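The primary structure of each chain is shown beneath.
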Amino acid sequence: MNNKKYTVVDLFCGAGGLSRGFLDANFDVVLGVDFDAAALQTFEANHGFTKTMNLDLFNHDNINKIKKYLDDNKIKLDVLVGGPPCQGFSLAGKREENDKRNILYSAMVKTAKLLQPKIVVLENVPGMLKLYDGKVAERIKNDFTELGYKVKAKVLYAPNFGVPQIRKRVVFVGVKEELGDFSYPTPKVNPDDYVTCEQAISDLPSLENDNDYSLDKVRDYVTEPKSEYQKIMRKNSKNVKNHFPTKHAQKTIDNISKIPDGGNYKDLPPEESKKFKYHESLTRYCSKKPSLTIDTGHRTHFHYKYNRITSVRENARLQSFPDDFIFYGSKQQQYKQVGNAVPPLLGKAIAEKIKEVLDNEKV
Ligand SMILES: C[S@@+](CC[C@H](N)C(=O)[O-])C[C@H]1O[C@@H](n2cnc3c(N)ncnc32)[C@H](O)[C@@H]1O
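From a predicted model like this one, the values you see are computed outputs, not experimental measurements.

### Section: the pairing of strand β4 (residues 79-82)
Each regular strand displays side chains that alternate between the two surfaces of the sheet. Side chains of β4 alternate between two faces, with Val79 and Val81 and Leu80 and Gly82 buried alike. With four bridges joining them, β4 and strand β5 (residues 119-124) adopt parallel strand pairing. In the sheet register, Leu80 faces β5, and the bridge partner there is Val120.

This is the structure:
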């Protein structure tokens, strides 16, 4: 077991769910880069002594600023991680360096080329593997192989790592030729033991008859933790932040009050249900299962028990962010930061396996 802290730079870092996983696995997250000021505020507040840079990665000249920061601070980079937005992949026509849509992804390749980290981790939505008949995934493998990395890709399922949410991410890992092989984390939780919505959020204040919509309002816990998961989430927190109600139209409240635990609009009387076209309309989470995938703030997923959508804090819990991880920005920005993130517990499982490769490096 090696106690050396390996350094991490996170591109397209958002609020930093992935980075939080690395931090929890004892890495030193030295820098987060994004062009969303609110997400960067959240990132900086929750990652120890990390620094952030507000840079537009469409402009590749900005990559030199990252190098300058590391050089000025005599930081040698061990791991480059990043989750470029999935719209940033395109293979229309031939390999077109200048295709605007590829520029964000190739910022990751150029940064790896310039900084020469030992390991590169690129995460994305699994649908990306099928883009252009798999040619996008092939290109990612080729680009990093050309830079001297051995590259693997695998889809990981968040509930297997203790996350109370159905969420899949594809994770590419490139390891420099001279290092040992990387192996993906194996499931830590059996399907029968997946953490459920109820186990994840049942201790949070109900917000029933609570009309305080202020984003800064701090609420008290009203019960003791009711599950192991809740104990872990509350470990470093004395109260509840980012937990505020949403005002719904009376019609929405009337409709959702008729939907049972785990149901959706199809549970309404036929004359009502036929008005809904979107298959996830009025979906109530199932208390006895992990939640559906947390999105960036669409108002279709409701609490398993109360007649409202889940709060930012409840979504954060379902993403495995502990209660002392505080989100900044407007309500919409907070929902977006949570929904965009890699669940920290999934990030930690990946980080631990990366640490094994670095620990085994021959000197
Ligand atoms: C999917 S999110 C990353 C989430 C992050 N990995 C996490 O675990 O929390 C993608 C991020 O890319 C950022 N982004 C999009 N276009 C960008 C650009 N041109 N320059 C820098 N960041 C950009 C967005 O602001 C967003 O925070």
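### Side note on the environment of Arg234
One can find Arg234 in helix α7 (residues 228-234). Sequence separation of Arg234 and Glu224 is 10 residues, and the distance between their C-alpha atoms is 9.9 Å. The contact partners of Arg234, leaving out residues within four places of it in the chain, are Asp203, Tyr221, Thr223, Glu224, Pro225, Arg317 and Asp323.

### Section: the packing of helix α1 (residues 17-24) against helix α12 (residues 344-359)
Relative orientation of the contacting elements α1 and α12 amounts to 50 degrees, with a least axis distance of 7 Å. Between α1 and α12, the angle falls in the class oblique. Viewed along their axes, α1 and α12 form a crossing whose handedness is right-handed. Facing α1, whose interface residues are Gly17, Leu18, Arg20, Gly21, Phe22 and Asp24, α12 presents Pro344, Gly347, Lys348, Ala351 and Ile354.

### Description of the nonpolar core
With 35 residues, the main nonpolar core has Leu11 and Phe144 as its most contacted residues. Counting residues per element, the ones that place at least two in this core are β1 (7-11), β2 (28-34), α3 (62-72), α4 (103-115), β5, α5 (135-146), β6 (149-157) and β7 (168-176). For this core, the leading source of residues is α4, giving seven residues. Setting aside anything within four residues of it in sequence, one finds Phe144 in contact with Tyr105, Met108, Val109, Ala112, Val120, Leu122, Tyr149 and Val151.

### Thoughts on α12
Since there are 3.6 residues in each turn of an α-helix, residues three or four apart along the chain are aligned in direction. Helix length check: α12, at 16 residues, gives a terminal C-alpha distance of 22 Å against a target of 22 Å (1.5 Å per residue), a fit within 8%. Every buried residue of α12 is accounted for by Pro344, Leu346, Gly347, Ala349, Ile350, Ala351, Lys353, Ile354, Lys355, Val357 and Leu358. Tucked into the core, α12 has its buried residues touching α1, β4, β5, β6 and β7.

### A few points about the pattern of salt bridges
Counted by the stated rule, this structure contains 23 salt bridges. Across the pair Lys288 and Glu198 runs a salt bridge, and its minimum N-O distance is 2.5 Å. One end of the pair, Lys288, is in the loop between β8 (283-284) and β9 (301-302); the other, Glu198, is in helix α6 (residues 197-201), and 90 residues separate them in sequence. Its relative accessible area of 58% is what places Lys288 among the exposed residues. Residue classification places Glu198 among the partly exposed positions, given a relative accessible area of 28%. Between Lys353 and Glu356 there is a salt bridge, with the nearest N and O atoms lying 3.3 Å from each other. With Lys353 and Glu356 both in helix α12, this residue pair falls three residues apart, about one helical turn. Since its relative accessible area comes to 18%, Lys353 is described here as buried.

What counts, and at which threshold
Residues numbered from 1 in each chain as written. Predicted model: local features only at pLDDT ≥ 70, side-chain atom pairs only at ≥ 80, totals over all residues. Heavy atoms only, no water. Buried < 20%, exposed > 50% of the residue type's maximum accessible area, 1.4 Å probe, protein only. Helix = DSSP H or I, 4+ residues; strand = E, 2+ residues; numbered from the N terminus. Pairing = 2+ DSSP bridges. Contact = heavy atoms within 4.5 Å. Axes fitted to C-alpha atoms, helices over the stretch in contact; angles between N-to-C directions. Parallel < 35°, antiparallel > 145°, perpendicular 65-115°, else oblique. Left-handed = near helix turned anticlockwise from the far one by under 90°. Core = buried A, V, L, I, M, F, W, Y, C linked by side-chain atoms within 4.5 Å. Expected span 1.5 Å × (residues − 1). Salt bridge = Lys/Arg side-chain N within 4 Å of Asp/Glu carboxyl O.

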